[in-house]
Amino acid sequence: WSDHRKRKFPTNFLFGAATSAYQVEGGWNADGKGESIWDKFLHDNPDLVADGRNGDVASDSYHQWRRDVEMLRELGVDFYRFSISWSRVLPTGFENEINEAGFKYYDNLIDELLKHEIQPMVTLYHFELPQPLQELGGWTNPLSVTWFENYAKLVFRRYADKVKFWITINQPNTVCMEGYASGIMAPGLNSKDVGGYECAKNVLLAHAKAYRAYQTEFKKKYEGNVGISIAVNWFEALSNTTENNEAAERARAFEFGLYLDPIWSKKGDFPDLVKKIVDKKSTEQGFKTSRLPKLTAAEVKLIKGSADFLGMNHYTTFQVQPSQTQFEAPSVEDDRNTEYTQGPAWRAAKSPWLKSAPYGLYKACLHLNLNYDYLPIIITEHGWSSDPGLEDQDRVDNMRGYLGALLLAMEDGTEVKGYTAWSLMDNVEWIAGTSERFGLYEVDFESEQKTRTARLSALVYKHIIESREVEDAWRPSNLKIAITKNDKKNNYRVEL
Ligand SMILES: CCCCCCCCCCCCC/C=C/[C@@H](O)[C@@H](N)CO[C@@H]1O[C@H](CO)[C@H](O)[C@H](O)[C@H]1O
């Protein structure tokens, strides 16, 4: 695990930084933007937000996008992962009413990136459904598949010549289980028994339809890559007992297998383990059909193989045992029957769920290799939360630890094509508001311009990108960051 050989990222490995629309843009109702489920959720429940700062203004990227691109140039990244707010471009969610001013914002951002040889990596959906679509049932309505497909096609049509990396949906696991089952994210539904699973089916179908549309209409001409980002944290047995090993297997199947298997497993469809548990419990609970919806043979075929790469969002590791308390039933929690802890000695971030365990990334990568036939991966998010402050040594240590683990996983056969730091800048961390800072750049939320200042981690990341290696002892002489010309910039034609 820790010999001291020097390992380097290959020259065609891509480095990037990420944000999402709700978390940075602000301008929540500017220039014709419609209301999204996050606008409504936090306007209706202001007390939910830890420090009261919602996404109304956020980091004001709607106005500060030139500075954002300047920061990306300072870092020397190859790409910028950002999301398009569906409600900004289609205020009602439907394509009959297009908000040209909303598109203009993304035109400007994309053109500015390309002008400076930074590739846009566009996420079509990062948690923000237009509210009018939620009122029709949101992702639990099977029509959501068509709504998303139409929206995706419209955006592909507008940007296919400029954008070569697409992510359809960010974290279906979060969209469905935290939005529709636990309700701690927008739209805040508490459908623990059925809604989360219905959502999972529809989101996967929506993703697959968008992928197939790109393949049919755009791939040949524009040669872009379309993937999906899934939260793949690592879940392992708390100790080596049969009960704990089985619980860890359940955790992996429910937390990410539910979304990975239909796309990447040999036979497609939801994992057998999840089907077996939910089908059995549903019968015992008096349901006539399983709470886990069936995928027809045609749907299995549509979803299977519907991605050019896996966007892996990885932050931390959980140690798993069977639940020590009885969950309310029927519910996803009761189906999964797991309890999570984290190593008491692992360094803790500001977010209560986030502790540093770099070996978990290595194990997760090897698990993906073994179970999904060495699928191509881009790490589309990894990061660390802290208090405000420019000397963020914890974030630096975390990044170095995880990039070191990634190099080992690559050496052991994982096909990782790129890494994305979450986040380019401090932003609105959903219901945590700005109380948990994830930025390589600090944002002064009190200032008029939402002033951005590079943290130590920004300089260290820049050095890693330039040197392509992780040097634990490296430290800049000061915290000034400037744009340096990088002649060796990748030209982004990643062979997947
Ligand atoms: C003794 C302590 C035990 C702690 C056990 C806690 C159990 C918590 C249950 C699981 C909670 C899961 C938390 C995982 C979250 C991440 O995977 C998720 N936040 C990743 O989503 C991305 O996060 C970014 C930063 O948080 C950002 O918000 C981005 O938009 C998301 O895509």
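Everything below is about the structure printed above this text.
Residues numbered from 1 in each chain as written. Predicted model: local features only at pLDDT ≥ 70, side-chain atom pairs only at ≥ 80, totals over all residues.

Caption draft 1: Region of interest: helix H16 (residues 393-411). Counted at 1.5 Å a residue, the expected span for H16 with its 19 residues is 27 Å, and the 27 Å between its end C-alpha atoms agrees. Listed as buried for H16 are Arg395, Val396, Asn398, Met399, Tyr402, Leu403, Gly404, Ala405, Leu406, Leu407, Leu408 and Ala409. Looking one or two residues beyond H16, the residue adopting positive phi is glycine 413, at roughly 105°. (Helix = DSSP H or I, 4+ residues; strand = E, 2+ residues; numbered from the N terminus. Expected span 1.5 Å × (residues − 1). Buried ≥ 20, exposed ≤ 12 C-beta atoms within 10 Å, placed from the backbone.)

Caption draft 2: Expanded view of the environment of serine 229. Mapped onto the elements of the fold, serine 229 is located in strand S5 (residues 225-231). When the C-alpha atoms of serine 229 and glycine 311 are compared, they prove to be 4.0 Å apart, with 82 residues separating the residues in sequence. Once you skip the residues sitting within four places of it in the chain, serine 229 turns out to touch Thr123, Ile167, Asn170, Gln171, Gly311, Asn313, Thr380 and Glu381. (Contact = placed C-beta atoms within 7 Å.)

Caption draft 3: Layout of the sheet that holds strand S11 (residues 416-422). A barrel is described by the order of its strands in space; here eight strands give the closed sequence S1-S2-S3-S4-S5-S7-S10-S11, paired in parallel fashion. Averaged over all neighbouring strand pairs, the angle between strand axes comes to 25°, with direction disregarded. (Pairing = 2+ DSSP bridges. Axes fitted to C-alpha atoms, helices over the stretch in contact; angles between N-to-C directions.)

Caption draft 4: How the structure looks around the site of the ligand. Taken together, 18 residues form the shell around the ligand, and within it Ala231, Tyr340, Thr341, Gln342 and Trp353 come nearest. By residue class, the composition of the shell around the ligand is seven nonpolar, nine polar and two charged. (Near = placed C-beta within 6 Å. Nonpolar A, V, L, I, M, F, W, Y, C, P; charged D, E, K, R; others polar.)

Caption draft 5: Representation of the packing of helix H8 (residues 172-181) against helix H9 (residues 195-217). In the contact formed by H8 and H9, the axes pass within 8 Å of each other and the chain directions differ by 150°. Judged by the angle between their axes, H8 and H9 are roughly antiparallel. Crossing geometry of H8 relative to H9 is assigned as right-handed. For the pair formed by H8 and H9, the contact residues are Pro172, Val175, Cys176, Met177, Tyr180 and Ala181 on the first element and Gly195, Gly196, Cys199, Ala200, Val203 and Leu204 on the second. (Parallel < 35°, antiparallel > 145°, perpendicular 65-115°, else oblique. Left-handed = near helix turned anticlockwise from the far one by under 90°.)

Caption draft 6: Layout of the sheet that holds strand S8 (residues 317-322). Ordered by their spatial adjacency, three strands build an open sheet running S6-S8-S9, and the pairing between neighbours is mixed. Either end of the sheet is taken by a strand with one partner, and the two such strands are strand S6 (234-237) and strand S9 (338-341). Taken pair by pair, the neighbouring strands of this sheet meet at an average axis angle of 40°, ignoring direction. The sheet contact formed by S6 and S8 spans four bridges and is parallel. Bridge assignment links alanine 237 to a residue of S8, and that residue is valine 320.

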